[in-house]
Amino acid sequence: MPVQTATRLYLAVRPDAEVKQLVQELNDHIQHAYATGLVVPYASEGEARPRPEM
């Protein structure tokens, strides 16, 4: 479950989840996205926008 703060995005996982494998897979995907130009660094200078109510 993603948890957004003003400066970071955290992923909350169950305590019994395979966290090491998840972290490695996410890092691989992020590195690929940066290497191919799909993602560019962004530094927000303000508060995070509120999410719409569901």
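Each remark here, short or long, concerns the structure printed above.
Notes on the structure in this doc start here.

Definitions and cut-offs
Residues numbered from 1 in each chain as written. Predicted model: local features only at pLDDT ≥ 70, side-chain atom pairs only at ≥ 80, totals over all residues. Heavy atoms only, no water. Helix = DSSP H or I, 4+ residues; strand = E, 2+ residues; numbered from the N terminus. Rg over C-alpha atoms; globule rule 2.2 N^0.38 Å. Buried < 20%, exposed > 50% of the residue type's maximum accessible area, 1.4 Å probe, protein only. Areas by Shrake-Rupley, 256 points an atom, 1.4 Å probe, with all protein chains shown as cover. Lys, Arg positive; Asp, Glu negative; His and termini not counted. Charge placed at Lys NZ, Arg CZ, Asp CG, Glu CD. Expected span 1.5 Å × (residues − 1).

## Section: the overall build of the protein
Next, step 1: When its secondary structure is counted, the protein shows one helix and two strands.
Next, step 2: Helices and strands appear in the protein in the N-to-C order β-β-α.
Next, step 3: Radius of gyration (C-alpha) of the protein: 14 Å, far over the 10 Å computed for a compact globule of 54 residues.
Next, step 4: Summarising its shape, the C-alpha atoms of the protein cover approximately 30 × 30 × 20 Å along the three principal directions.
Next, step 5: Per-residue burial over the protein gives 2% buried out of 54 residues.
Next, step 6: Accessible surface computed for the protein: about 5600 Å², of which carbon and sulfur atoms make up 58%.
Next, step 7: Once the 5 positive and 7 negative side-chain charges of the protein are each reduced to a mean point, those two points are 1 Å apart.

## Looking at helix 1 (residues 19-36)
Next, step 1: For helix 1, spanning 18 residues, the distance from its first C-alpha to its last is 26 Å, which sits close to the expected 26 Å at 1.5 Å a residue.
Next, step 2: A positive phi of about 85° marks Gly37, the residue just after helix 1.

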